[in-house]
Amino acid sequence: MQWVPQQVSPQEMVQEIHQVLMDREDTCHRTCFSLQLDGNVLDNFAELKTIEGLQEGSLLKVVEEPYTVREARIHVRHIRDLLKSLDPSDAFNGVDCNSLSFLSVFTEGDLGDSGKRKKKGTEMEQIDCTPPEHILPGSKERPLCALQPQNRDWKPLQCLKVLTMSGWNPPPGNRKMHGDLMYLYVITVEDRHVSITASTRGFYLNQSTAYNFNPKPANPSFLSHSLVELLNQISPTFKKNFSALQKKRVQRHPFERIATPFQVYSWTAPQAEHAMDCVRAEDAYTSRLGYEEHIPGQTRDWNEELQTTRELPRKNLPERLLRERAIFKVHSDFTAAATRGAMAVIDGNVMAINPSEETKMQMFIWNNIFFSLGFDVRDHYKDFGGDVAAYVAPTNDLNGVRTYNAVDVEGLYTLGTVVVDYRGYRVTAQSIIPGILEREQEQSVIYGSIDFGKTVVSHPKYLELLEKTSRPLKIQKHKVLNDKNEEVELCSSVECKGIIGNDGRHYILDLLRTFPPDLNFLPVEGEEMPEECKKMGFPKQHRHKLCCLRQELVDAFVEHRYLLFMKLAALQLMQQKANKQESSAALENGTSPENGTAESEKSESDDGKTDDSVTGLDQVKELAETIASDDGTVDPKSREVIRNACKAVGSISDTSFDIRFNPDIFSPGVRFPESSREEVQDQKQLLKDAAAFLLSCQIPGLVKDCLDHTVLPMDGATLAEAMHQRGINMRYLGKVIHFITKTPGHAQLDHIFKIGISELITRSAKHIFKTYLQGVELSGLSAAISHFLNCFLSSFPNPIAHLPADELVSKKKNKKRKNRNLGNADNTAWASMTPQELWKNICSEAKSYFDFSLECENADQAAEMYNLQKITLLREISLKTGVQILLKEYNFDNRHKPTFTEEDILNIFPVVKHVNPKASDAFHFFQSGQAKVQQGFLKEGCELINEALNLFNNVYGAMHVEICACLRLLARLNYIMGDYSEALSNQQKAVLMSERVLGIEHPNTIQEYMHLALYCFANSQLSTALNLLYRARYLMLLVFGEDHPEMALLDNNIGLVLHGVMEYDLSLRFLENALAISSKYHGSKSLKVALSHHLVARVYESKAEFRSALQHEKEGYTIYKNQLGEHHEKTKESSEYLKYLTQQAVALQRTMNEIYKNGSNANIVPLKFTAPNMTSVLEQLNIINGILFIPLSQKDLENLKAEVQRRQQLQESIKSGEQLEPEDRAGEEKEAEPSMPSAAIPLTQSPA
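Residues numbered from 1 in each chain as written. Predicted model: local features only at pLDDT ≥ 70, side-chain atom pairs only at ≥ 80, totals over all residues. Heavy atoms only, no water.

**A few points about the overall build of the chain**
Argument step 1. What the chain contains, in helices and strands, is 39 helices and 21 strands.
Argument step 2. With 1248 residues in all, the chain has 53% of them scored as buried.
Argument step 3. Once local pairs closer than 6 in sequence are excluded, the contacts in the chain between residues at least 24 apart make up 71%.
Argument step 4. Accessible surface, the chain: about 57,500 Å² in total, of which carbon and sulfur atoms supply 52%. (Helix = DSSP H or I, 4+ residues; strand = E, 2+ residues; numbered from the N terminus. Buried < 20%, exposed > 50% of the residue type's maximum accessible area, 1.4 Å probe, protein only. Contact = heavy atoms within 4.5 Å. Areas by Shrake-Rupley, 256 points an atom, 1.4 Å probe, with all protein chains shown as cover.)

The following block contains the structure:
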């Protein structure tokens, strides 16, 4: 008997104690047991607080239970998972939500308590600081193997050679009646072959061999309740290795092994041996049937699960958490099932429900999910661009589903939707509305139109439900004409259909036009576009007519109009006030009316509001609220003001600001009644304004943010994210790049230009690759993909494709099976592609899709012309298409043999788009925590963020992108408040999580590595800090290259740490590189550059090279003097340091002269060479990373708050750097403009 103390919370279920016991090192091999309290068996699904007699210190007994077939399977599966627990193959293969993490390779284990045994920084001599050659500044080598370093723990300790199901399964009837459940076959490491019976009482050896069935127990039979206990008795190696393996397993950080909510795929993987694995084999077969063994009721009714979770109550916080947790869990399960199903469909493992139709038209049902292919089958999209439209419709529809789910109106239901791109095909997976398959679509649709607006119907219940979404989604209720010329009222686009399922729920589907059309890409006969659009070459014919504006754009546009509305109204009110004062002849401070109108024209561009107009805005707010509440007290003149302002900004109401869009405008086939003609005109104008707003505000805004470095994309995905946040669609990429080239000082945008071009090239290549793959049959897949990559990236001029070997192709071609392949009948057309042809297609694709002219005919020219790295292009194209390649060094520039062979292509994964349900309460806590921190209330902020972390964990489980952001911020707060070890532990979690949920070389992960290095340094783990910085630098070189503003920060960090460990020459290489990059991206006069000069000077001082030190410090001093003036603290510091350097230089010169004069008998004054101390290095590290320490006494905090409030009021009027406070971190922040209160506390500084 042994005691296991266990801490629990009353909300936990009994089941969770089960889980803990199955995970503990000493009890992990038990799965089939019950927990008993005073002889009563506890119900697995009961919450602990509901159990009678359970209290602090109660003793629960673990009682072994008899096995059933299901329990025996679960047991074998669990033992297999324990045996494979350190094996990364599931992560490389993208299975079961496993993903990679390499942090422990660089920290040599956990940084937490077990990491305390590390040598402290006192023994500095033993640190080997030299980085690998390829990480040094200026190195041109970009090795790939270092991306996934070999982890020592991965060479797993072998416990068994084979563990598999026996061929004698299932037991015959007479053995079933003896309690046999199934038979296993095992080969031990000692090469002993044994047959094992799983019976109701446990596991024992039987007398069967591979060819003889003899189910009688062997002698001795070693009957054991657990398979591990049995194997321990028959194999000493198993016993030794299994316990060693479990020790290692529990030492790993839990974040390295918890499953992620959505599968993350790796684009490279090492060569792996394929080992025998009974569970994997069994899984592969059961998943074809579309049911999972361990779920009651076998198949899941996805629609019912998705909709029931939405119906859960949400009145208070605990209810909402429970609801959001359920919604998130079902969505993540549904996404996994839909992905498996979509792959099975394309791989040909699912029977179609209409097998007699041609392949493109087939539809499938698997595991209660409906699958359809992205082709225009029934000329449904004929007027919209055919197959191209059918290809984008699913993603538009998914965006619609996301949006309606986020608005979350009670009683309105959407379908579970997942879009999967796999092997060149787009598959839409949807949950099934009950009853829809039994009847024709015409009968079921009671709202909307099934033929794009010829026949339209409406329904009062739907109008009522959709009305609730119209305000948040800015959709205008409008009337259209049907084929009988009757008016029909809608509150969505026409093709949004309403169907009442057999379950009585109101479903909406086909939400592909939830948002208004993008007129820049939709030329309409007889419609004039605004000047801004025409200047940039719009409207432009796109290849389909389903281009919509993004929701972010609609929101930004409405926000912009609201500010305009407030200004106009304020101006008019001020004029009225002025006129009144004029008429009463008391003209002390009134503005003259002419002045007013001039002002209003100016107001659009001029944001510098004077105090007067600020009070005006408050008046407007008050007035608008009074009018909206329909109060009779407002005088007609003020009503007039609001009415005018409403009219000017295009509001649909004339008493309050309310902008909405009609999504049916310019929709082919939709007709509007005469009565709403004027309204339609206004709507058209609004759409034109929105299209112009995208070009004249959003794109320049994005470029400005990139110039200010408030946005720092590092690869294609982060650039796309930055564009999307501002509502700019990817089809504007060419325009964005074009705008960059026209920006003055565009050398400071080189990094954005480079990312833009490589994104343009890889996206165009992806479009071509999609159609290319559709013509390839399964047996030629690796040959075809390697051929494509050779044409795309290799310098080898004429790569030849290897067709599948002849011995496998039958001589007699079977004519009957011709149309069975999804693609064309000729499956070898792909083999004739040449690099010239591919690059020609890429250039024409870039021109026709993005309207950008690329000037290159092959990969080498592209790399040369735009300064691109081929390895970066390889990463981008692999991530976009789901290709996984072998981890090895590729020679792209060899002109004598192709870069890739078939053996280099390991796998092709699906690229999955799905809904991301949000944890709304947690998010509010997180935001208010951030706000508090910015206002200087660190303690309160910290509490809120901790609370947010708990709620996030409650909804998402342990792994999620948002939890990652939460941990990063917490770590930063811990650090600022002086709790270094807590900062280290939280940041370690953030890094692990970022690697697992975003990917090991995602730009966010690189940032997290940098933060962790800083906290390691502060905890005097110097060698670890360097390792982490080197890893970050390697990843950044791979993902982007050296010429990036973020590289300057990274190199400053590396240089400072190296300075701290007295590696002066190495330190200089990094610091001087940082200086060069900073000068390029921030301008040679910027304060960042001044700081860079100072850091370099300090290293020269340590080397006693005073002349160089002086030279750099003088540069820095000049910048400070010009930017901040003589009396600024920074300028004074710099001048002090100059004096000190000069003294040192003079002293050195004296000594040298003395030696020259008197030779060996000179009396030498010993010079002071200062080795840098750790505190000063840490101070500099904090400065460059934008961290400011605040002595947290109450009085200081009060002053700080007052300061922050004063800043906020000054914000508008400050234009120059004169009013900077000495404690401001002007020196490090962007050119000393105290734009945000974060100047005081730079938490928001690290790019989120």
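**Points about the sheet that holds strand 21 (residues 911–913)**
Argument step 1. With antiparallel pairing, the 5 strands of this open sheet are ordered in space as 9-10-13-12-21. Across the chains shown, the open sheet's two edge strands, defined by having one partner strand only, are strand 9 (363–366) and strand 21. The sheet shows a mean angle of 25 degrees between the axes of neighbouring strands, direction not considered.
Argument step 2. Here 5 bridges tie strand 10 (residues 369–373) to strand 13 (residues 425–431), and the two strands are oriented antiparallel to one another. Looking across to strand 13, one finds that leucine 373 is bridged to valine 427. (Pairing = 2+ DSSP bridges. Axes fitted to C-alpha atoms, helices over the stretch in contact; angles between N-to-C directions.)

**Comments concerning the nonpolar core**
Argument step 1. In this structure, Phe792 and Leu854 are the most contacted members of the largest nonpolar core, which totals 253 residues.
Argument step 2. If we ignore the near neighbours within four places in the chain, the residues touching leucine 854 are Ile757, Leu760, Ile761, Ile842, Cys843, Ala846 and Tyr866.
Argument step 3. In terms of nonpolar packing, the next biggest core, distinct from the first, is built from 28 residues, Val228, Leu231, Phe238 and Leu245 among them. (Core = buried A, V, L, I, M, F, W, Y, C linked by side-chain atoms within 4.5 Å.)

**Looking at helix 18 (residues 636–649)**
Turn by turn, an α-helix covers 3.6 residues, leaving residues three or four places apart pointing in a common direction.
Argument step 1. The terminal C-alpha atoms of helix 18 lie 20 Å apart, and with 14 residues this matches the ideal 20 Å at 1.5 Å per residue to within 8%.
Argument step 2. Along helix 18, the residues classified as buried are Ser638, Val641, Ile642, Ala645, Cys646 and Val649. Down the axis of helix 18, the buried side of the element spans an arc of 130 degrees, and every buried residue falls inside it. Facing away from the buried side of helix 18 by more than 90 degrees, the exposed set consists of Pro636, Lys637, Lys647 and Ala648.
Argument step 3. Glycine 650, located one to two residues past helix 18, shows a positive phi value of around 80 degrees. (Expected span 1.5 Å × (residues − 1). Arc of directions from axis to C-beta.)

**Let's talk about the sheet that holds strand 4 (residues 160–165)**
Argument step 1. Pairing is antiparallel across the open sheet formed by 4 strands, whose spatial order is 4-5-6-7. The open sheet is flanked by strand 4 and strand 7 (202–206), the only strands paired with a single partner. Geometrically, the sheet is characterised by an average inter-axis angle of 30 degrees between neighbouring strands, direction not taken into account.
Argument step 2. One ladder, built from 5 bridges, connects strand 4 with strand 5 (residues 180–188); its direction is antiparallel. Looking at strand 5, one finds that leucine 160 is bridged to threonine 188.

**A short note on the pairing of strand 16 (residues 487–490)**
Argument step 1. Side chains Val488 and Leu490 project from strand 16 onto a buried face, and the interleaved Glu487 and Glu489 project onto a face without burial.
Argument step 2. With 4 bridges connecting them, strand 15 (residues 478–481) and strand 16 associate as antiparallel partners. What sits directly across from valine 480, in strand 16, is valine 488.

**With respect to the packing of helix 31 (residues 1003–1018) against helix 33 (residues 1045–1060)**
Two packed helices can be described by the angle between their axes and the distance between those axes.
Argument step 1. Viewed as axis vectors pointing N to C, helix 31 and helix 33 meet at an angle of 20 degrees, and their least axial separation amounts to 12 Å. With respect to each other, helix 31 and helix 33 are oriented roughly parallel. Where helix 31 crosses over helix 33, the two elements pack in a sense that is left-handed. Where helix 31 approaches helix 33, its residues Gln1007, Met1010 and Phe1017 are matched on the opposing element by Glu1046, Leu1049, Leu1050, Asn1053 and Val1057. (Parallel < 35°, antiparallel > 145°, perpendicular 65-115°, else oblique. Left-handed = near helix turned anticlockwise from the far one by under 90°.)

**With respect to the packing of aromatic side chains**
What describes a pair of aromatic rings is the distance from one ring centre to the other and the angle between the planes of the rings.
Argument step 1. Tallied over the entire structure, the rule returns 36 aromatic pairs.
Argument step 2. A ring pair is formed by tyrosine 183 and phenylalanine 213, whose centres lie 5.6 Å apart and whose planes are at 65 degrees; its orientation type is edge-to-face. Taken together, the residues tyrosine 183 in strand 5 and phenylalanine 213 in the loop between strand 7 and helix 6 (227–234) connect sequence positions 30 residues apart.
Argument step 3. Ring plane angle 25 degrees and centroid distance 4.6 Å describe the contact between tyrosine 265 and phenylalanine 909, whose orientation is recorded as stacked. Here the residue tyrosine 265 occupies a position in the loop between helix 7 (236–251) and strand 8 (268–269), and phenylalanine 909 occupies one in the loop between strand 20 (905–908) and strand 21, the gap between them amounting to 644 residues. (Phe/Tyr/Trp six-rings, centres within 6.5 Å; stacked < 30°, edge-to-face > 60°.)

**Observations regarding the pattern of salt bridges**
Where side chains of opposite charge bring their charged atoms close, a pairing between them can arise.
Argument step 1. One pass over the structure, following the stated rule, counts 66 salt bridges.
Argument step 2. With a shortest N-O distance of 2.6 Å, arginine 1033 and glutamate 1042 are connected by a salt bridge.
Argument step 3. We classify glutamate 1042 as buried; its relative accessible area is 16%.
Argument step 4. Among the salt bridges present, the one from aspartate 1065 reaches lysine 1103, with a minimum N-O distance of 2.6 Å. Residue aspartate 1065 is located in helix 34 (residues 1064–1082), and its partner lysine 1103 is located in the loop between helix 35 (1087–1102) and helix 36 (1106–1124); the two are separated by 38 residues in the primary sequence.
Argument step 5. Shared partners join several salt bridges into a network, and the residues in it are Asp715, Glu759, Arg763, Arg875, Glu876, Lys880 and Glu1001. (Salt bridge = Lys/Arg side-chain N within 4 Å of Asp/Glu carboxyl O.)

**Some words on the pairing of strand 10**
Argument step 1. Taking burial as the measure, the 5 residues of strand 10 include 5 buried ones, the bulk of the element.
Argument step 2. Residues Ile369, Phe371 and Leu373 line one face of strand 10 and the alternating positions Phe370 and Ser372 line the opposite face, and both faces are buried.
Argument step 3. In sequence, strand 9 turns back onto strand 10 through a hairpin of 2 residues, with asparagine 367 there showing a positive phi of about 55 degrees.

**Quick notes on unusual backbone geometry**
Most peptide bonds take the trans configuration, and most residues that are not glycine carry a negative phi.
Argument step 1. With an omega dihedral of -5 degrees, the bond running from asparagine 219 to proline 220 counts as a cis peptide bond.
Argument step 2. Inspection of the secondary structure assignment puts proline 220 in the loop between strand 7 and helix 6.
Argument step 3. Omega for the bond connecting phenylalanine 538 with proline 539 falls within 30 degrees of zero, at 0 degrees, which places this linkage in the cis form.
Argument step 4. The phi torsion at phenylalanine 666 lies on the positive side, around 65 degrees, for a residue other than glycine.
Argument step 5. In this fold, phenylalanine 666 is placed in the loop between helix 18 and helix 19 (677–707).

**A look at the environment of lysine 240**
Argument step 1. Here lysine 240 shows up in helix 7.
Argument step 2. When the C-alpha atoms of lysine 240 and leucine 157 are compared, they prove to be 9.6 Å apart, with 83 residues separating the residues in sequence.

**Digging into helix 7**
Argument step 1. Between its first and last C-alpha, helix 7 extends 23 Å over 16 residues, near the 22 Å set by a 1.5 Å rise per residue.
Argument step 2. Where helix 7 is buried, its residues contact helix 1 (14–23), helix 2 (69–83), strand 4 and helix 6.

**Considerations on the environment of leucine 205**
Argument step 1. Among the structural elements, leucine 205 can be located in strand 7.
Argument step 2. C-alpha of leucine 205 to C-alpha of proline 215: the two residues are 10 residues apart in sequence and 8.9 Å apart in space.
Argument step 3. Not counting residues within four places of it along the chain, the set of residues in contact with leucine 205 comprises Arg192, Val194, Ser195, Ile196, Lys216, Pro217, Ala218, Pro220, Ser221, Phe222, Leu230 and Ile234.

**Digging into the packing of helix 29 (residues 961–976) against helix 31**
Argument step 1. Helix 31 packs onto helix 29 with a crossing angle of 25 degrees between their chain directions and a minimal axis gap of 11 Å. With respect to helix 31, the element helix 29 is oriented roughly parallel. By crossing handedness, the relation of helix 29 to helix 31 is classed as left-handed. Facing helix 29, whose interface residues are Cys964, Arg968, Ala971, Arg972 and Tyr975, helix 31 presents Asn1004, Glu1008, His1011, Leu1014, Tyr1015 and Ala1018.
Argument step 2. Its residues assigned to classes, the contact of helix 29 with helix 31 comprises 6 nonpolar, 2 polar and 3 charged. (Nonpolar A, V, L, I, M, F, W, Y, C, P; charged D, E, K, R; others polar.)

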